[in-house]
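Single-letter residue listing:
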Amino acid sequence: MTTWREELLQQLVFWWDFSFWPRMQGLTDEEYVWRPAPDAWTVHPHPDGGFTLDDQWPPPDPPPVTSIAWRLCHIGAGVFADRNANHFGGPRWDRQGRGWPGTADAALEWVKDGYERWCSNIAALSDEALARPVGPTEGFPTAPMFGLVLHISRETIHHGAEVCLLRDLYRAWVRTSA
C-alpha cells in the first residue's frame, strides 16, 4: 500500500527524473550565465574571488528577467538549502557570500545534492512529523510539514520549468544569432 509520504515525494521525484534532470544534461557555462534580456539578473565573478548573485529584497516591480544561473541558484538556496537547514540540520547557505556556483556543472551538482537531501529527509519522516507545524522558520508557521513538502515541489517544478524554457530560448537564440 502506498503511503501519503510516498505520494508527496513521488510528484517531485517523477518530475525530476523524467522532465527536469534529463533536460539539464549538457548545460554549458555559456547557457548558464546567458542573459535573455538586458539587465537580467545572473551570477557574476566577484573581484576578490568566488561568485555573487544579483538580488534585491524586496525585488523591484516589475521583477527582472533572470538567467538560468539565477534560477538554479534560487532552487539551490531558497528552495533546498534553506529548507534542509531549517528543518533537518543541513548546511546553511550564505546568501551574502561569494560561494554561489559560477559554472553550470557546479550549480547542477549543488542543486542535485539539495534535492537528494530533501527527498531523503522527507522519506524518513513519520506520519506524525508530516502533520506537525513547520514552525517559525517559514512564513506560514502553523501549516503542517506536508504543506511545506507540497510547496517545495511546486517551487522546484515552477522554477525548474523556467530553466527548461530558458534552455529552449537559448538554443533558438544561438540558431538565429549565427
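Residues numbered from 1 in each chain as written. Predicted model: local features only at pLDDT ≥ 70, side-chain atom pairs only at ≥ 80, totals over all residues. Heavy atoms only, no water.

**Some words on the packing of aromatic side chains**
Applied cut-off: Pairing of aromatic rings covers Phe, Tyr and the six-membered ring of Trp, with a centre-to-centre limit of 6.5 Å; geometry is then stacked below 30 degrees between planes, edge-to-face above 60, and tilted otherwise. Secondary structure elements are taken from DSSP: a helix is a run of H or I of four residues or more, a strand is a run of E of two residues or more, and numbering for both begins at the N terminus. Type-normalised accessible area, obtained with a 1.4 Å probe on protein chains alone, sets the label of each residue: buried when under 20%, exposed when over 50%, and partly exposed for intermediate values.
Under the defined criterion, the tally for this structure stands at 14 aromatic pairs. Relative to Phe20, the ring of Trp16 lies with its centre 5.1 Å away and its plane at 55°, an arrangement referred to as tilted. Of the two residues, Trp16 and Phe20 are both situated in helix 1 (residues 4-24); the distance of four residues between them amounts to about one turn of the helix. The two residues Trp16 and Phe20 agree in class, both being buried.

**Digging into unusual backbone geometry**
Cis geometry marks the peptide bond from Trp57 to Pro58; its omega dihedral reads -5°. Cis rather than trans, the peptide bond between Asp61 and Pro62 has omega equal to 0°. Phi at Asp39 is positive, roughly 65°, even though this residue is not glycine. Counting through the fold element by element, Asp39 comes out in the loop between helix 2 (29-33) and strand 1 (43-45).

**Points about the packing of helix 1 against helix 4 (residues 104-123)**
Condition: Here, axes are lines fitted to C-alpha atoms. For helices the fit covers the stretch in contact, and angles between N-to-C directions go from 0 to 180 degrees. Convention used here: angles under 35 degrees read as roughly parallel, angles over 145 as roughly antiparallel, angles from 65 to 115 as roughly perpendicular, and any remaining angle as oblique. Left-handed describes a crossing in which the near helix is turned anticlockwise from the far one by less than a right angle; the clockwise case is right-handed. Any pair of residues with heavy atoms lying within 4.5 Å of one another is described as a contacting pair. Side-chain classes are defined by residue name, with Ala, Val, Leu, Ile, Met, Phe, Trp, Tyr, Cys and Pro counting as nonpolar, Asp, Glu, Lys and Arg as charged, and the others, Gly among them, as polar.
Where helix 1 meets helix 4, the closest approach of the two axes is 10 Å, and the angle between their N-to-C directions is 165°. Taken together, the axis directions place helix 1 and helix 4 in an arrangement best described as roughly antiparallel. Where helix 1 crosses over helix 4, the two elements pack in a sense that is left-handed. Contact residues: Arg5, Leu9, Leu12, Val13, Trp16, Asp17, Trp21 and Met24 in helix 1; Leu108, Val111, Lys112, Tyr115, Trp118, Cys119, Ile122 and Ala123 in helix 4. Of the residues assigned to the contact of helix 1 with helix 4, the class counts are 13 nonpolar, no polar and three charged.

**Examining the nonpolar core**
Selection criterion: Put simply, a nonpolar core is a bunch of buried Ala, Val, Leu, Ile, Met, Phe, Trp, Tyr and Cys residues held in one set by side-chain atoms that sit within 4.5 Å of each other.
In terms of nonpolar packing, the biggest core is built from 45 residues, with Phe20, Tyr32, Leu72, Phe80, Trp118 and Met145 touching the most fellow members. Listed by contribution, the elements that provide at least two residues to this core are helix 1, helix 3 (68-88), helix 4, helix 5 (127-131) and helix 6 (145-177). Setting aside its immediate chain neighbours within four residues, Met145 contacts His87, Phe88, Trp118, Ile122, Leu125, Ala129, Leu130, Arg132 and Val134.

**Focus: the pattern of salt bridges**
Note the threshold: Salt bridge, as applied in this entry: a Lys or Arg side-chain nitrogen positioned within 4 Å of an Asp or Glu carboxyl oxygen.
All told, the structure shown has 10 salt bridges when counted by the stated rule. Among the salt bridges present, the one from Arg23 reaches Asp168, with a minimum N-O distance of 2.6 Å. Here Arg23, found in helix 1, pairs with Asp168, found in helix 6; they are 145 residues apart in sequence, far enough to count as distant. Looking at Asp168, the relative accessible area reads 27%, which means it is partly exposed. Glu138 is the salt-bridge partner of Arg83, the closest N and O atoms lying 2.9 Å from each other. Taken together, the residues span a long stretch of sequence, with Arg83 in helix 3 and Glu138 in the loop between helix 5 and helix 6 at a distance of 55 residues. What makes Arg83 buried here is its relative accessible area of 12%. Note on Glu138: relative accessible area 6%, which makes it buried.

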